[in-house]
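Observations on chain architecture
Residues per chain, in single letters:
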Amino acid sequence: MSQSLRAARLPKDPGPAGWERVLPHRDPAPALRSKAEADWVVIGAGFAGLGAVRRLTEMHPTDRIVLLEATRVGSGPAGRNSGFMIDLPHDLTSEDYGGDLDRDRAQIAANRHAMDLARRMASEYGLDRETFDPCGKINGAATAKGHAHNIAYARHLSRLGEDHDMLDASQMQEVTGTGYYQSGLYTPGTIMIQPAAFVRGVAERLRSNRVTIHEESPVTSLDPAPDGWAATTTRGSVTAPRVILAVNGHLESFGFKKRELMHVFTYASMTRALTAAELAALGGRERWNLTPADPMGTTVRRLSGAGGDRILIRNRFTFEPNLEVSDAALARITRSHDRSFAARFPMLAGVGMEYRWGGRLCLTRNGVGVVEEVAPGLWAACVQNGLGTVRGLLSGLAAAEAASGQPSDVARQVMAEPAPRRLPPGPLATLGARAVLHWNELRAGREL
């Protein structure tokens, strides 16, 4: 008999995420306020949870599925990332994103499998181009060192047989409007999303007489029941034979994978809507999307759409084993965004940030995820190593297939990954992780 699992904490997401704030208001799905039964319970309405629910509806067309979300769909980590669905290797712990060729080829195939699911959902659910745009992205290099990283990564992509184009400084200025970048490496396979709009749109279309979504329903405990598990929230409970935990690093709060997961926050800021005069001064293309050549550098997106023309800046990483960042720390950390913005866009002096926020990542020392049956009838689809959009969808559909006893080849590949490497004792892990992050940010220089 399995034992009760009580959440040791409920994670907190710092700051209001701009992605959600620029969307039209909507009323949330009702919170769970009663006892219910289902065939499946999925906990977490991010990319992993939505991927799991979508796959379950395909495999079990008559089953009842309940999806529980602790906050509102789009306001948690899924609605706080930078919106890059990347098909190619993107190892945040490397210097140039690349790795072993055979492993990278397998990962590319798995990523594209998940992205195919995203494409099907976008098409079937009528998501617009602003929400789901298969336009590719640029690795931007602001320094000679960053350019060398791009050259090395381009060589790696050539060995993999993957398309890419190098952009020189003048081409980068034509795209971005700024002369800050020395070069860029364009790769066409990335899908750009408005992350809050994507998860909100998918969740809304998944709702049916078989799929029930409850928002503002944090799960406080998982208790063994005669016919499976009872997921208890602050106001109700749902009992089901099979439960999928799609909660990324929050998995540790339920007692799993202790001293194996690294909890990291990254931070973003979004400007107010730019005026016509400011857009003319900026120049460049209407939309573009840039990851830094150095993984510790600054991600930049220029946005255009219903929320206005804006620029998003994302940089800085902090190690937070307690899954919490104070408002004061958020304000201090995101001030670096003002410096990064001013350095890149001097023609936009006086443009301020309207929204500032942080988002949770979960990594392992060896870059593996956790997709497995962690207790009888209880499955984890967790740990995306900073690639929540693609790896989230991938882990969700893999967990759904495995829990159904029908794993595909891709699901088997995901589940065949080795176990996460253990971390040093708590104080050593915290000191070591924070020292490494700080040193790597210093080394990034102008890329930051």
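Our subject in this report is the structure included herewith. (Residues numbered from 1 in each chain as written. Predicted model: local features only at pLDDT ≥ 70, side-chain atom pairs only at ≥ 80, totals over all residues. Heavy atoms only, no water.)

1. Considering the overall build of the protein
Note the following rule: Helix and strand definitions here come from DSSP, where helices need a minimum of 4 consecutive H or I residues and strands a minimum of 2 consecutive E residues; each element is numbered from the N-terminal end. Put simply, the radius of gyration uses C-alpha atoms, and a globule should come to 2.2 Å times the residue count raised to 0.38. Here the term buried applies to any residue with accessible area under 20% of the maximum for its type, exposed to any over 50%, and partly exposed to those in between, with areas from a 1.4 Å probe on protein chains only. We call two residues in contact when some of their heavy atoms are within 4.5 Å. Each accessible area is a Shrake-Rupley result for a 1.4 Å probe, and residues are judged covered by the shown protein chains and nothing else.
Broken down by element type, the protein carries 11 helices and 22 strands. Relative to the 2.2 N^0.38 estimate, which gives 22 Å for 448 residues, the radius of gyration of the protein is 21 Å and therefore close to what a compact globule would have. With the C-alpha coordinates aligned to their principal axes, the bounding extent of the protein is approximately 65 × 45 × 40 Å. Here the protein, with 448 residues, has 60% of them falling under the buried criterion. Counted over contacts in the protein with a minimum sequence separation of 6, partners at least 24 positions apart contribute 78%. As presented, the protein carries roughly 17,600 Å² of accessible surface, and 51% of it is formed by carbon and sulfur atoms.

2. Quick notes on the side chain of Ser336
With respect to the helices and strands, Ser336 occurs in helix 8 (residues 327-344). In this structure Ser336 touches Asn315 and Arg316, once residues within four positions along its chain are discounted.

3. Digging into the side chain of Glu162
Looking at where Glu162 falls in the secondary structure, it is placed in the loop between helix 4 (144-160) and strand 8 (165-167). Assessed through its relative accessible area of 16%, Glu162 is described here as buried. If we skip the residues at most four places from it in the chain, Glu162 touches Leu88, Ile108, Arg112 and Leu157.

4. Some words on the nonpolar core
The test is simple: Put simply, buried Ala, Val, Leu, Ile, Met, Phe, Trp, Tyr and Cys residues joined by side-chain atoms within 4.5 Å make one nonpolar core.
Counting residues in hydrophobic clusters, the biggest one holds 51 residues, and the most contacted among them are Met85, Phe198 and Ile244. Here the element with the most residues in this core is helix 9 (residues 388-403); it accounts for nine residues. Once residues within four sequence positions are removed from consideration, Met85 is found in contact with Phe47, Met115, Ala118, Phe132, Gly189, Thr190, Ile191, Ile193, Phe198, Thr389, Val390 and Leu393. Grouped together as the second largest cluster of nonpolar side chains are 29 residues, Ala38, Leu251, Phe256 and Val383 included.

5. Description of the sheet that holds strand 22 (residues 378-382)
Our working definition: In this description, strands pair whenever DSSP reports at least two bridges between them. Angles here are taken between N-to-C directions and fall from 0 to 180 degrees, while the axes themselves are lines fitted to C-alpha atoms, restricted in helices to the stretch in contact.
With mixed pairing, six strands are arranged side by side in an open sheet as 11-4-3-15-22-21. Strands at the two margins of the open sheet, each flanked by one partner only, are strand 11 (211-214) and strand 21 (370-375). Mean inter-strand twist for the sheet, computed between neighbouring axes without regard to direction, equals 20°. Sheet topology places strand 3 (residues 40-43) next to strand 15 (residues 242-245); four bridges connect them, and they run parallel.

6. Let's talk about the pairing of strand 7 (residues 137-141)
Of all five residues in strand 7, five are buried; the element is thus mostly enclosed. Pairing of strand 7 with strand 17 (residues 288-292) involves three bridges; the strand directions are parallel. Bridge assignment links Gly140 to a residue of strand 17, and that residue is Pro292.

7. Some remarks on helix 5 (residues 169-176)
Rule in force here: Here, the arc refers to the directions that run from the helix axis to the C-beta atoms.
Among the residues of helix 5, Met172, Val175 and Thr176 are the ones counted as buried. Taken down its axis, helix 5 places every buried residue within 80° of arc, on the same side. Residues of helix 5 that are buried in the fold lie against strand 7, strand 8, strand 9 (183-187), helix 7 (276-282) and strand 17. Where helix 5 terminates, the next one or two residues include Gly177, which has phi positive at roughly 85°.

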